[in-house]
Each structure stands twice: as C-alpha cells, then as structure tokens.
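# Structure assessment
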Amino acid sequence: MNRLTPEQRFQIVQFYFENNGSVWNTYRVLRLFYRRQNHPSEQLIRLTMERFRTIWSEANPQVYVETPLHPKKLTVWRALWAGGIIGPYCFKNDEGHNVTVNGDRYRAMITNFFIPELNNHDVQELWFQKDGATCHTARATIDLLKDTFGDRLISRFGPVN
C-alpha cells in the first residue's frame, strides 16, 4: 500500500483509537479487513499516526510560539599580562544587546577601553599579541596597533608575524 487516500487514513486513525492506541492490534484488524491484498504495514500505521498527531487536533489553540533561530551568544575580550588581567569587555550595542565583533567595534574597544586601562597600570615595554581573526588583522586595526605599540606587535600583517 503505497499511497493512502484520505478515507484510508481516517480508517487507520479510527481503528487505532478503537484498539486503545495499539499499532499491532490496528494492524491485525486492518489485515482482516483488507484480507491479504494491499493491507497497510505496521510502519505505515505508525507513520500515519505520527502525522495525525502532528497535524490534527481537537481544537485550534490559536497560539504562535516564536523561537530564536540561533542561541544568544556573547563575545568577551580580556587581556593577560604579568601584572594581571585587563577586562572583561563585553561587546554590546547602545541598547545593551550582544553583537558580533567587527573591525570598527574592535578598534573602538581598543581605543576606548584597552588603551585607557593600560594607561592606568604602570606598563613598560608591553608586547601585544593576538590571533588572526579578520577584525584583528584589518588594515585600520593593524595601523592603530602599530601607532600604539610600535614594533612590539605580534600579529598577522604586523611587524612580527
């Protein structure tokens, strides 16, 4: 039995509930009903009932549940040095929502948070090292870091690679 008509689907659902939700009993009844010709398999009965439970209901609840496509994420930046930890710095927009890091936000964090924090500590001869993320290696970012740290910058496209 490849394709079921709506009448056959209704019949499967009806027999299923008459047999207390037993797939095996529904299969036995339908096997007797259809004789040996073209009776639905147990798998087809299970599939029909799964679809029935998914699509059909006695009442329309009129409820819409919105779920986010992706889980919320947070990017936190910290700096480690011999004198301790600088940070954490969470990347958020003006409304306080988490945002992804791009070159502009990274440079704003360096300018408005990291450099003032460095000035608060007595740091001499500091080397700055970072990974090769795109926002870290943008030309404007490298230029900003070269202006701040000179030749003591370890980075892709920096003085020390």
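Residues numbered from 1 in each chain as written. Predicted model: local features only at pLDDT ≥ 70, side-chain atom pairs only at ≥ 80, totals over all residues. Heavy atoms only, no water.

### Description of helix α2 (residues 23–34)
In this model α2 runs 16 Å from its N-terminal to its C-terminal C-alpha over 12 residues, within 8% of the 16 Å that 1.5 Å per residue would give. Within α2, the full set of buried residues consists of V23, T26, Y27, L30 and Y34. Viewed along the axis of α2, the buried residues span an arc of 100 degrees, placing them on a single side of the element. (Helix = DSSP H or I, 4+ residues; strand = E, 2+ residues; numbered from the N terminus. Expected span 1.5 Å × (residues − 1). Buried < 20%, exposed > 50% of the residue type's maximum accessible area, 1.4 Å probe, protein only. Arc of directions from axis to C-beta.)

### What to know about the nonpolar core
Ranked by size, the top nonpolar core spans 16 residues in total, and within it W77, Y106, M109, I110, F114, F128 and F149 carry the most contacts. When residues in this core are grouped by element, the largest group, six residues, is from helix α4 (residues 103–120). If near-sequence neighbours (up to four positions away) are discounted, W77 is found in contact with I86, G87, P88, Y89, F91, Y106, M109, F113 and F114. With 12 residues, the next largest nonpolar core counts F15, V23, L30 and L44 among its residues. (Core = buried A, V, L, I, M, F, W, Y, C linked by side-chain atoms within 4.5 Å. Contact = heavy atoms within 4.5 Å.)

### Digging into the confidence of the model for the protein chain
Per-residue pLDDT for the protein chain has a mean of 76; in total, 84% of the residues score no lower than 70. Taking the mean pLDDT of every element in the protein chain, the minimum, 68, falls on helix α5 (residues 134–137) and the maximum, 86, on α4. (pLDDT = per-residue confidence, 0-100.)

### Considerations on the pattern of salt bridges
Under the defined criterion, the tally for this structure stands at one salt bridge. Its salt-bridge partner being D104, residue R107 comes within 2.5 Å of it at the nearest N-O pair. Taken together, the residues span about one helical turn, with R107 and D104 both in helix α4 at a distance of three residues. Look at D104 and you get exposed, because its relative accessible area is 56%. (Salt bridge = Lys/Arg side-chain N within 4 Å of Asp/Glu carboxyl O.)

### What to know about unusual backbone geometry
Residue P88 is reached from G87 by a cis peptide bond, and omega for that bond is 10 degrees. With respect to the helices and strands, P88 occurs in strand β2 (residues 84–90).

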